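Chain by chain, the residues:
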Amino acid sequence: MKITVNELTRLAGFFPEATEISLFRNVSGTPDGSEDGSLEEKGVLTGGELSPQAREIFSVVAGAARCSRMVMRDGLMVVEKYTYRLGDSLVVAENEQGELKFSAPSNLNGVLKGISQFTGLSDLKTSALEVLLSLEELLCYLGCCDLTRRDTLRAAAGDKELDGRFTLEELEEELKNPLETGLLRLTMANYGWSLPEGAEVKNLLEGLLVRSMLEYGEGKYSLQDEYYLFAARFLIPQLVAVLEAFDTQPDGSTLMGQALVISAGLRDSACLIPGDEGVEFSTLSAGQIITLCESFMNCPELG
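This one's a predicted model, so the numbers in the text were calculated from it and none came from an experiment.

A.B. asks: Help me out: how do you make sense of the pattern of salt bridges in this one?
C.D. replies: Where charged atoms of side chains with opposite charge meet at close range, the side chains can pair. Using the criterion set out here, one finds 16 salt bridges in the structure. The salt bridge involving aspartate 36 is made with arginine 10; its shortest N-O contact spans 2.6 Å. Residue aspartate 36 is found in helix α2 (residues 35-41), and its partner arginine 10 is found in helix α1 (residues 5-12); the two are separated by 26 residues along the sequence. Note that glutamate 301 is salt-bridged to arginine 66, the shortest N-O span being 3.8 Å. With glutamate 301 in the segment after α10 (286-297) and arginine 66 in strand β4 (residues 66-74), this pair connects stretches of sequence that are 235 residues apart. Residues joined in a network through salt bridges with shared partners are Asp163, Arg165, Glu218 and Lys220.

A.B. asks: What should I look at first to understand the packing of helix α5 (residues 135-156) against helix α6 (residues 168-176) in this one?
C.D. replies: Helix-helix packing is described using two parameters, namely the angle between the two axes and the distance between the axes. Contact geometry of α5 with α6 gives a least axis separation of 9 Å together with a crossing angle of 105°. Here α6 runs roughly perpendicular to α5, going by the angle between their axes. Contacts between α5 and α6 pair Leu139, Cys140, Gly143, Cys144, Asp146, Leu147 and Arg150 from the former with Glu170, Leu171, Glu174 and Leu175 from the latter.

A.B. asks: How do you make sense of the sheet that holds strand β11 (residues 220-223) when you look at a structure like this?
C.D. replies: Strand pairing in a sheet takes place through backbone hydrogen bonds and is either antiparallel or parallel in direction. Here 3 strands make up an open sheet; going across it, the order is β9-β11-β10 and the pairing antiparallel. The sheet is open, and its two edges are formed by β9 (165-166) and β10 (214-217), each paired on a single side. Running over the sheet, α5 touches β9, β10 and β11 and is turned about 90° from β11.

A.B. asks: Explain the pairing of β10 to me, please; I cannot follow it from the model alone.
C.D. replies: Consecutive side chains of a regular strand alternate in pointing toward one face of the sheet and then the other. Relative to β11, β10 runs antiparallel, the two sharing 4 bridges. The partner of tyrosine 216 across the bridge, within β11, is tyrosine 221. Hairpin geometry of β10 and β11 is characterised by an intervening segment of 2 residues between the two adjacent antiparallel strands and by a positive phi of about 55° at glutamate 218.

Rules and cut-offs
Residues numbered from 1 in each chain as written. Predicted model: local features only at pLDDT ≥ 70, side-chain atom pairs only at ≥ 80, totals over all residues. Heavy atoms only, no water. Salt bridge = Lys/Arg side-chain N within 4 Å of Asp/Glu carboxyl O. Helix = DSSP H or I, 4+ residues; strand = E, 2+ residues; numbered from the N terminus. Axes fitted to C-alpha atoms, helices over the stretch in contact; angles between N-to-C directions. Parallel < 35°, antiparallel > 145°, perpendicular 65-115°, else oblique. Contact = heavy atoms within 4.5 Å. Pairing = 2+ DSSP bridges.

Spelled out as structure tokens, the structure:
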């Protein structure tokens, strides 16, 4: 069933005790009095009361203890999906041109198939990376990637010979003024992150050298092995997916899990997952992206 924002605001009145993470707590439509009539036509209301099917679906949305959100952008296309879990019951809400389509599928196969139209299904990936970094180290590494990407693109355009190396000063400038289409800017914009004032970039580079992510010689740095391969292949970001999961705890607090996926092609995708001990940076195949989406949309326990 498809529901407008105004209709959803009207339905919120049936659930005054909706949980803090429920969609009914965050809807902000402006009902004009026509909602009861349109909801009756859709079979959501019967004689001014919720129909059995509607009550079954919206009781889960209202009482959800866990929920998730996924927003995927590819060019001008935007896919937005929510899931709500109450016990064993799961409800999916999908944004379709400003209206929300609600369903209670027995599994997520149909939803994941739709996502795969954007991500693909390949199990192959160009590079196999997985490393836990501090926030500062991550931003520094992404700056290194963007300098490498820029160098690769300029060489491909015949503007210069491929070098792949950069100086400390070049990286410091990149961190201050990130490339508009860079991994660094995309990540900072999505999470609101920034390099702390006074951060010693040279010390951060030392940490990457210790991990064998970089090498240094003749006054210049360069990414090593698969870290270089990832950057040199990750030329034009195409798809960005933000995944969020929320889990209400017995004490009333809410735990949150997040992941950011950025893809530059079928076999070139990066994933960033922030945690208490740092940020996990990894590369994913298209199939692994689907698996990640499934894990979030199943509304996992986070406590």
